[in-house]
Amino acid sequence: MVKKTQKKHEEKIIELEEKYKRVLADYQNQERRHKEGQSQLVKMANAILIEKLLADLDSLELAQKHLQDKGLSMVIDQFFTTLSQEGLKEIETDHGQFDPLLMDCTEVVPGKKDQVVETITKGYYLYDNVLRPAKVKVGSGEGK
Amino acid sequence: MGKIIGIDLGTTNSAIAVMEGGSAKIIPTAEGRNIFPSIVEPVKNLVGDVAKRQMILNASNTIHSVKRLMGQKYSGKQSQKTKEMVSYEIVENKDGSRSSPFRRTSTTLNARLPNKQGK
């Protein structure tokens, strides 16, 4: 009887030790993730606002393409500089290889296979994260 | 005991959650989204938004709307209908084996699905 109870207690100790180790590992993971999350939150706090402002930047650039106005060009530069100071950086797409991590293929057109033929909407990074992928036209491999 | 994850597999979008401290916590994508398109490109190993972005460029290798086929026989009406609709090839499966790195997974399915698709 005593032996049986002792065995039961030993099994309980092993089970509790296992549980303790798992809870400790979970806590350490949680602590690490919390620290990472906090620094990420500070960096990405502006992401939603900046993403909304990108629509305005697109409109201004479209207007500039049409009007070719010097004053408007200065305003766009100033606007982009302000956003750059917050961590915004343009994704390079011009005639490079199509990369689905950074670009969104909206149309397949005649041209070099898997090469960006035209950028429809610019893409941007916010620090190291892709805030908005670039919308591009990609070559199909058939000549024009 | 390994981690327990749950997959909400939708026809269009999916979400994955992990059990932490007794409650389910959604795992966000690298881009910070809680849901992602139910699309995969198995040749280049692309999943979700990234797979969707190259979909029109690589339509024959990009798998989507796969939930329509779950639990269905190849010769079934639904499979044949889907076959005509999707851009990838659907062939009859001879090998039914599958494996998972997780010890337990649970998948929620739309309540309107026929019973055989929930199995």
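Just so you know, these numbers come straight off a predicted model, no measurement behind them. (Residues numbered from 1 in each chain as written. Chains lettered and ligands numbered in written order. Predicted model: local features only at pLDDT ≥ 70, side-chain atom pairs only at ≥ 80, totals over all residues. Heavy atoms only, no water.)

Engineer: How should I be thinking about the overall build of chain B in this particular structure?
Structural biologist: Helix and strand counts for chain B stand at 3 helices and 7 strands. Tracing chain B from N to C terminus, the helices and strands come up as β-β-β-β-β-β-α-α-β-α. Split into buried and exposed, the 119 residues of chain B put 28% on the buried side. Taking all contacts inside chain B whose residues are at least 6 apart in sequence as the whole, residues at least 24 apart take part in 36%. Total accessible area on chain B stands at roughly 8,200 Å², and carbon and sulfur atoms take up 53% of it. (Helix = DSSP H or I, 4+ residues; strand = E, 2+ residues; numbered from the N terminus. Buried < 20%, exposed > 50% of the residue type's maximum accessible area, 1.4 Å probe, protein only. Contact = heavy atoms within 4.5 Å. Areas by Shrake-Rupley, 256 points an atom, 1.4 Å probe, with all protein chains shown as cover.)

Engineer: Could you clarify how one ought to interpret the domain arrangement of chain A in this entry?
Structural biologist: One widely used convention gives an interface's size as the accessible area the parts lose upon coming together. All names here are of chain A. As assigned here, chain A comprises domain 1 (1-86) and domain 2 (91-143). Taking the mean C-alpha position of each, domain 1 and domain 2 sit 26 Å from one another. Across the contact, 12 residues belong to domain 1 and 8 residues belong to domain 2. Carbon and sulfur atoms supply 62% of the area buried between domain 1 and domain 2, which totals about 990 Å² over both sides. Put simply, domain 1 and domain 2 have 2 salt bridges between them. Residue Asp58 is joined to Arg132 by a salt bridge in which the shortest nitrogen-to-oxygen separation is 2.7 Å. Put simply, domain 1 and domain 2 have 2 residue pairs in polar contact (both at pLDDT 80 or more) between them. Put simply, the parts of the chain that give the side of domain 1 that touches domain 2 at least two residues each are helix 1 (2-44) and helix 2 (47-67). Considering each element in turn, the side of domain 1 that touches domain 2 owes the most residues, 7 residues, to helix 2. (Domains from an automatic or database assignment. Buried area = accessible area lost by both parts, 1.4 Å probe. Salt bridge = Lys/Arg side-chain N within 4 Å of Asp/Glu carboxyl O. Polar contact = N/O pair within 3.5 Å; in protein donor to acceptor, adjacent residues only side chain to side chain.)

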